[in-house]
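Okay, here's what each chain looks like letter by letter:
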Amino acid sequence: QVQLVESGGGLVQAGGSLRLSCAASGSFFVINAMGWYRQAPGKQRELVAGINSGGSTNYADSVKGRFTISRDNAKNTVYLQMNSVKSEDTAVYYCKALIGRTDAVLITQYWGQGTQVTVSA
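Presented here is a report on the structure given in the accompanying data block. Counting restarts for each chain, with residues numbered from 1 along the sequence as it is written. Reporting of local features is limited, given that this is a predicted model, to residues whose pLDDT is at least 70; pairs of side-chain atoms are given and counted only at 80 or more, and all residues count toward the totals for whole chains, interfaces and linings. Hydrogens are left out, water is left out, and the side-chain values use all remaining heavy atoms of the structure.

**So, the overall build of the protein**
Alright, step 1. Secondary structure assignment for the protein yields zero helices and 11 strands.
Alright, step 2. For helices the rule is a DSSP run of H or I covering at least 4 residues; for strands it is a run of E covering at least 2, with both sets numbered from the N terminus onward. In the protein, the succession of α and β elements from N to C terminus is β-β-β-β-β-β-β-β-β-β-β.
Alright, step 3. Taken over C-alpha atoms, the radius of gyration is set against a globule rule of 2.2 Å times the number of residues to the power 0.38. Expected size for 121 residues packed as a compact globule is a radius of gyration near 14 Å; at 14 Å, the protein falls within 12% of this value.
Alright, step 4. The principal-axis extent of the C-alpha atoms belonging to the protein is close to 45 × 25 × 25 Å.
Alright, step 5. Exposed residues in this analysis have more than 50% of their type's maximum accessible area, buried residues have under 20%, and partly exposed residues fall in between, with area computed by a 1.4 Å probe over protein chains only. Among the 121 residues that make up the protein, the fraction classed as buried is 40%.
Alright, step 6. Only heavy atoms enter the contact rule, under which two residues are in contact if any of them lie within 4.5 Å. Taking the intrachain contacts of the protein between residues at least 6 apart in sequence as the baseline, contacts between residues at least 24 apart amount to 56%.

The following block contains the structure:
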């Protein structure tokens, strides 16, 4: 059983910072790409940032220059450093990981349970 457990969400003032963490646990062979998505009320889930196994990153235009994604492969953890947050960043943030449980060929997508981020004016 593979689980992704997120932490670090909460209430933050506009202009402030927050750091999200997502740790993968269980039995698996390899973790490929990892990423953060968010879903605001009444909106579709959208990609915020992604990072592959080699460390290459990509970001949504709306967060470029403010958010930074990173990963610690030894801890099977991905982070999202959120700086200069805005009210429009308010959403439930979800972690996603592409994991091979027994080998590097058969890859399965896993999602975390989500963590609420609320930005106050």
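**Side note on the packing of aromatic side chains**
Both the distance between ring centres and the angle between the ring planes are used here to describe each pair of aromatic rings.
Alright, step 1. Centres within 6.5 Å are what make two rings of Phe, Tyr or Trp a pair, Trp counting through its six-membered ring; a difference in plane orientation under 30 degrees is then read as stacked, over 60 as edge-to-face, and the rest as tilted. One pass over the structure, following the stated rule, counts one aromatic pair.
Alright, step 2. Only Lys NZ and Arg CZ are tested; either one counts as a charge over a ring when it is within 6 Å of the ring centre and within 35 degrees of the ring normal. Positioned above the aromatic ring of Tyr94, the side-chain terminus of Arg45 is 3.7 Å from the ring centre.

**As for the layout of surface pockets**
Alright, step 1. Its boundaries defined by the atoms lining it, the largest pocket holds a volume of some 190 Å³.
Alright, step 2. Tallied by class, the residues present in the lining of the largest pocket amount to two nonpolar, four polar and seven charged. Points on a 1 Å grid, built from protein atoms alone, make a cavity when a 1.4 Å probe fits but cannot get out and make a pocket when they are open with protein on both sides within 12 Å along at least 5 of 7 lines; residues with an atom within 4 Å of a point are the lining residues. Grid points are joined across faces, edges and corners, and a volume is the space filled by probe spheres set on the points. Under this grouping Gly is polar, as are all residues other than the nonpolar Ala, Val, Leu, Ile, Met, Phe, Trp, Tyr, Cys and Pro and the charged Asp, Glu, Lys and Arg.

**Concerning the state of the cysteines**
Alright, step 1. Only a pair of cysteine sulfur atoms within 2.5 Å counts as a disulfide in this structure description. Taken as a whole and assessed by the stated rule, the structure comprises one disulfide.
Alright, step 2. Two residues share a disulfide in this structure: Cys22 and Cys95, whose sulfurs sit 2.1 Å from each other. Around the S-S axis, the bridge from Cys22 to Cys95 shows a dihedral of about -75° and counts as left-handed. Separated by 73 residues along the polypeptide, Cys22 in strand β3 (residues 18–25) and Cys95 in strand β9 (residues 91–100) bring together distant segments of the chain.
Alright, step 3. Judged by its relative accessible area of 0%, Cys95 is buried.

**Observations concerning the environment of Gly65**
Alright, step 1. Mapped onto the elements of the fold, Gly65 is located in the loop between β6 (57–59) and β7 (67–72).
Alright, step 2. Accessibility expressed as a relative area gives 83% for Gly65, which makes it exposed.

**A word on the side chain of Thr77**
Alright, step 1. Its location among the elements puts Thr77 in strand β8 (residues 77–82).
Alright, step 2. Here Lys75 takes part through its backbone oxygen, which lies 2.8 Å from a polar atom of the side chain of Thr77.
Alright, step 3. If near-sequence neighbours (up to four positions away) are discounted, Thr77 is found in contact with Ser21, Cys22, Ala23, Ser70, Arg71 and Asp72. The definition of a polar contact used here is a pair of N or O atoms within 3.5 Å, where within protein one atom must be able to donate a hydrogen and the other to accept one, and adjacent residues in sequence count solely through side-chain atom pairs.

**Section: unusual backbone geometry**
Alright, step 1. One non-glycine residue, Asn76, lies in positive phi territory at about 55°.
Alright, step 2. For Asn76, a relative accessible area of 26% puts it in the partly exposed group.

**Remarks on the nonpolar core**
The nonpolar side chains of a soluble globular protein tend to be buried, and buried together.
Alright, step 1. In terms of nonpolar packing, the biggest core is built from 30 residues, with Trp36, Leu80, Met82 and Tyr93 touching the most fellow members.
Alright, step 2. Elements supplying a minimum of two residues to this core: β3, β4 (30–39), β5 (46–51), β7, β8, β9 and β11 (115–120).
Alright, step 3. Take this core: its biggest share by element is five residues, from β9.
Alright, step 4. With residues near it in sequence (within four places) discarded, Tyr93 still touches Glu6, Leu20, Trp36, Tyr37, Arg38, Val48, Phe67, Leu80, Met82, Gly114, Thr115 and Val117. Put simply, a nonpolar core is a bunch of buried Ala, Val, Leu, Ile, Met, Phe, Trp, Tyr and Cys residues held in one set by side-chain atoms that sit within 4.5 Å of each other.

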